[in-house]
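Chain by chain, the residues:
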Amino acid sequence: MPVTAIYPGSFDPITKGHVDVITRASRLFDHIIMAVAANPQKDTLFEPLKRVQLIRESLGPLTNVTVESFEGLTAEFAKQHGATVIIRGLRAISDFEFEFQMSQMNKTLYPELETIFVMANLEYTFLSSSMVKEVAVLGGDVSPLVPKTVQTALKQIKKQ
Ligand code: ADP
């Protein structure tokens, strides 16, 4: 039976670390949905639709990956889309506690759901969307850290 996975996150904005995770995960599952969390209570730099657009422009030839935004529970989104796997990235021990807690909660909400962790590429271990935003706002060069389309979007925001 084909296996559908979801890769949920804020992706505010997508970085080369996320692209690396989804590229590697796309070889393991039949279909992956990148699920962009659009919860209104979370303060983000980019609107959900813009985050979706930036992801689509960054993915290139990954034909089994689709992108959607969602509100509410990740477990509910997975269930609605027939997904049985959640993919998350792990960068350091500091990610572990929160991720472990979240995976237990998701399993409680939807017992058929497995969380699979993809270890960050050594090159991107220290890379996060928040770090990228901080550096970009201060005028630093983020070109090694984000896809070209994100670099352009960050420059446009800085000009506003
Ligand atoms: P969230 O707000 O849900 O943590 P993020 O967009 O920050 O959303 O991250 C989504 C997922 O991608 C998380 O599992 C996070 O650990 C993972 N991730 C973020 N940056 C990297 C990276 N550089 N390498 C590997 N995984 C990463």
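To be clear, the structure that these remarks concern was listed above.
Residues numbered from 1 in each chain as written. Predicted model: local features only at pLDDT ≥ 70, side-chain atom pairs only at ≥ 80, totals over all residues. Heavy atoms only, no water.

### Quick word on the overall build of the protein
Then comes step 1: In terms of helices and strands, the protein carries six helices and five strands.
Then comes step 2: Secondary structure of the protein in N-to-C order comes out as β-α-β-α-β-α-β-α-β-α-α.
Then comes step 3: The C-alpha atoms of the protein give a radius of gyration of 15 Å, which matches the 15 Å a tight globule of 160 residues would have.
Then comes step 4: Each of the three principal axes of the protein carries a C-alpha extent, and together these read 45 × 30 × 30 Å.
Then comes step 5: Taking all 160 residues of the protein together, the buried fraction comes to 44%.
Then comes step 6: When contacts within the protein are restricted to residue pairs at least 6 apart in sequence, those whose partners lie at least 24 apart make up 76%.
Then comes step 7: Counting every atom, the protein has about 9,200 Å² of accessible surface; 58% of that belongs to carbon and sulfur.
Then comes step 8: Computed over 16 positive and 17 negative side-chain charges, the inter-centroid distance for the protein is 7 Å. (Helix = DSSP H or I, 4+ residues; strand = E, 2+ residues; numbered from the N terminus. Rg over C-alpha atoms; globule rule 2.2 N^0.38 Å. Buried < 20%, exposed > 50% of the residue type's maximum accessible area, 1.4 Å probe, protein only. Contact = heavy atoms within 4.5 Å. Areas by Shrake-Rupley, 256 points an atom, 1.4 Å probe, with all protein chains shown as cover. Lys, Arg positive; Asp, Glu negative; His and termini not counted. Charge placed at Lys NZ, Arg CZ, Asp CG, Glu CD.)

### Looking at the site of the ligand
Then comes step 1: Residues in close proximity to the ligand total 16 residues, the closest being Y7, S10, F11, G89 and Y124.
Then comes step 2: Take H18: an N or O atom from its side chain is 3.2 Å from an oxygen atom of the ligand.
Then comes step 3: Look at the ligand: alone it shows 550 Å² of surface, and the protein chains cover 87% of it.
Then comes step 4: Taken together, the residues that form the shell around the ligand break down as seven nonpolar, five polar and four charged. (Near = heavy atom within 4 Å. Polar contact = N/O pair within 3.5 Å; in protein donor to acceptor, adjacent residues only side chain to side chain. Nonpolar A, V, L, I, M, F, W, Y, C, P; charged D, E, K, R; others polar.)

### A closer look at the pattern of salt bridges
Then comes step 1: Per the counting criterion, the structure on display carries six salt bridges.
Then comes step 2: Taking the shortest distance from any N to any O, the salt bridge between R51 and D12 comes out at 4.0 Å. Separated by 39 residues along the polypeptide, R51 in helix 2 (residues 48-59) and D12 in the loop between strand 1 (4-9) and helix 1 (16-25) bring together distant segments of the chain.
Then comes step 3: Residue classification places R51 among the buried residues on the basis of a relative accessible area of 3%.
Then comes step 4: Linked through salt bridges whose partners overlap, the residues forming this network are D12, R51 and K133. (Salt bridge = Lys/Arg side-chain N within 4 Å of Asp/Glu carboxyl O.)

### Thoughts on the environment of Q156
Then comes step 1: Structurally, Q156 is set in helix 6 (residues 148-159).
Then comes step 2: Classification of Q156 as partly exposed rests on a relative accessible area of 42%.
Then comes step 3: Linking Q156 and L109, residues 47 residues apart in sequence, is a C-alpha distance of 40 Å.

### Concerning unusual backbone geometry
Then comes step 1: At the junction of D12 and P13, the peptide bond is cis and its omega measures out at 0° in the coordinates.
Then comes step 2: Of note, P13 is situated in the loop between strand 1 and helix 1.

### Comments concerning the pairing of strand 2 (residues 31-37)
Then comes step 1: Along strand 2, five of the seven residues are buried, which leaves the element largely enclosed by surrounding structure.
Then comes step 2: Taking the sense of rotation as the criterion, the β-α-β connection linking strand 1, helix 1 and strand 2 turns out right-handed.
Then comes step 3: The pairing of strand 2 with strand 3 (residues 65-70) spans six bridges and is parallel. Of the residues in strand 3, the one forming a bridge with V36 is S69.
Then comes step 4: Crossover handedness for the path strand 2 to helix 2 to strand 3: right-handed. (Right-handed = clockwise from strand over helix to strand, strands pointing away. Pairing = 2+ DSSP bridges.)

### Considering the environment of I55
Then comes step 1: By secondary structure assignment, the location of I55 is in helix 2.
Then comes step 2: Residue I55 is classed as buried on the basis of its relative accessible area, which comes to 0%.
Then comes step 3: Sequence spacing of I55 and T4 is 51 residues, and the spatial spacing of their C-alpha atoms is 19 Å.
Then comes step 4: Sequence-distant contacts of I55, defined by excluding residues within four places in its chain, comprise F11, I14, M34, V36 and V67.

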